[in-house]
Amino acid sequence: MSYHQYLEQVIVIAKTAGDDIMEVYSTDFNVVKKDDNSPLTQADLAAHQVIVHALSKLTPDIAILSEESDSIGFETRSQWQQYWLIDPLDGTREFVKRNGEFTVNIAFIDQHQSVLGVVYAPVTGLLYYASRKHGAYKQSVESGTHNIHTRALNLNKPTVAGSRSHSNEKMQQFMHNLESAASVVPELISMGSSLKICLVAEGLADVYPRLGPTSEWDTAAAHCVLQEAGGDIVDLNNQTLLYNTKDSLLNPSFFAKGDTVHDWAIYL
């Protein structure tokens, strides 16, 4: 099956969801807390409905797993060879802060791997997209569409992408150890949502260490973009992150990295 054929339509779907998010963004929206204490807004739900409806029409026989779906047990999910994995609004905390650093994430998973990914930031109109063996692309209002690639690693001046809402002691220890090894203070770019993975994909950062919990829908779309740009997302044992392999939908701690050879776990 050629999932690449869906790419153009998925980009349109992501942008449509982005329009719905922006309608809520311009209002005095309510924020409620989910069971895990993470925020939920009307924008999350509006984008979820738009994407699920559109994907159901595009591929009626392919399952959809969304952050805002009712939970689907592994007994059911383990039967899926292919499915759509979406985060209708990645970076709800950034949305609530109104800093613009949130995205719509849509991925197609085939045999536990992300093989198509679209990441769209509605405030800036920034779009990253990729499909397996077709390269990774960035589209912006200012400079149109172009192919992106990770950069060669220079450990004499490393650049690290970090979370604006989630920093912890492990991350501080990582930065300290990297500084000691490189004999230079690493540049840190703080950014929300899966835009951090995209920074690595386009060669603006070398690594994004996530040393705490995320969910599979947080990483899947940008994972495909990063892989097609020459990088990867790996766990602390340097194994590529896979999707839908277990009951829990939480990712392990990981490194999104541009250079696939370097082992960033040595700085933990």
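Draft legend 1. Here's a closer look at helix α5 (residues 169-182). Given a rise of 1.5 Å per residue, 14 residues ought to cover 20 Å, and the 20 Å separating the end C-alpha atoms of α5 matches this to within 8%. Among the residues making up α5, those that are buried are M171, F174, M175, L178 and A182. One face of α5 carries all of its buried residues, which in axial projection span an arc of 95°. Structural note: α5 exposes E169 and Q172 on the side pointing more than 90 degrees away from its buried face. Buried residues along α5 sit in contact with β10 (159-163), β11 (187-191), β12 (207-210) and β16 (254-257). Where α5 starts, the residue carrying a side-chain oxygen 3.2 Å from the main-chain nitrogen of K170 turns out to be N168. S183 lies just past α5 and shows a positive phi near 55°.

Draft legend 2. Region of interest: the packing of aromatic side chains. One pass over the structure, following the stated rule, counts 14 aromatic pairs. Ring geometry for W264 against Y267: centres 5.8 Å apart, planes inclined by 55°, an arrangement best described as tilted. Y267 matches W264 in its accessibility class, with the two residues each being buried. Taken together, the ring pairs connect Y3, Y6, W84 and F108 into an aromatic cluster. The ring of Y25 carries R98 above its face, with NZ or CZ at 5.7 Å from the centroid.

Thresholds, definitions, all that
Residues numbered from 1 in each chain as written. Predicted model: local features only at pLDDT ≥ 70, side-chain atom pairs only at ≥ 80, totals over all residues. Heavy atoms only, no water. Helix = DSSP H or I, 4+ residues; strand = E, 2+ residues; numbered from the N terminus. Expected span 1.5 Å × (residues − 1). Buried < 20%, exposed > 50% of the residue type's maximum accessible area, 1.4 Å probe, protein only. Arc of directions from axis to C-beta. Contact = heavy atoms within 4.5 Å. Polar contact = N/O pair within 3.5 Å; in protein donor to acceptor, adjacent residues only side chain to side chain. Phe/Tyr/Trp six-rings, centres within 6.5 Å; stacked < 30°, edge-to-face > 60°. Lys NZ or Arg CZ within 6 Å of the ring centre and 35° of its normal.

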